[in-house]
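Coordinate analysis (summary)
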Amino acid sequence: MSDTPAESPDFDAMTRDIAEVPAVEVIVTVAVNLMSAAAVKLGLSEEGDKYKDLDEARKLITALAGLLDAGATEVSSFHAAPLRDGLKSLQLAFREASIVPDEPGQGPGEKYTGPVYS
């Protein structure tokens, strides 16, 4: 074991780094992370059903829909359109993965996007 204390994070440097990132990039990055996590929880990753958890997927998809609903006016359609397409694909995948599908308008994120039909 080393007698050297663990280095503490340089919070000033981290703050400067994040200050240089445009808001659109932060929003898009968070959205992509939510999409990726939802896809894994839907069983769409290489591991398939190993990490499948529809309850968790529902939460992630709803959070993504809320973020896109709130942030759509803040990001250009260039960024928003593919994110909305990805969201719709996740919502459809959720509907297909559910043993008892939600009624249209009741699925994850549909209070923000409106009903999604397969």
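In case you missed it, the structure is sitting above this.
The following refers to the structure shown. (Residues numbered from 1 in each chain as written. Predicted model: local features only at pLDDT ≥ 70, side-chain atom pairs only at ≥ 80, totals over all residues. Heavy atoms only, no water.)

1. Considerations on the nonpolar core
The test is simple: Joining through side-chain atoms within 4.5 Å is the link that ties buried Ala, Val, Leu, Ile, Met, Phe, Trp, Tyr and Cys residues into a set, and such a set is a nonpolar core. Buried, partly exposed and exposed residues are distinguished by accessible area as a fraction of the type maximum, computed with a 1.4 Å probe on protein chains only: under 20%, between the cut-offs, and over 50%, respectively. Secondary structure is summarised from DSSP: a helix means a run of H or I of at least four residues, a strand means a run of E of at least two, and numbering begins at the N terminus for each. Any pair of residues with heavy atoms lying within 4.5 Å of one another is described as a contacting pair.
The biggest cluster of nonpolar side chains holds 18 residues, and the ones touching the most others in it are L42, I61, L64, L68, L83, L87 and L90. Taken together, the elements giving at least two residues each to this core come down to α2 (23-41), α3 (54-71) and α4 (77-97). In contact with L68, other than residues within four places in its own chain, are A31, L83, R84 and L87.

2. Digging into the side chain of R95
Convention followed: Counted as a polar contact is a pair of N or O atoms within 3.5 Å, where, for protein atoms, one must be capable of donating a hydrogen and the other of accepting one, and residues adjacent in sequence contribute only when both atoms are in side chains.
Mapping R95 onto the fold places it in helix α4. Residue classification places R95 among the buried residues on the basis of a relative accessible area of 11%. Of the polar contacts made by the side chain of R95, one reaches the backbone oxygen of D102; its length is 2.5 Å. Here R95 is in contact with P101, D102, E103, P104, E110, V116 and S118, once residues within four sequence places are set aside.

3. Remarks on the environment of A80
Tracing the backbone through its elements, the reader meets A80 in helix α4. For the pair A80 and E46, spaced 34 residues apart in the sequence, the C-alpha separation amounts to 27 Å.

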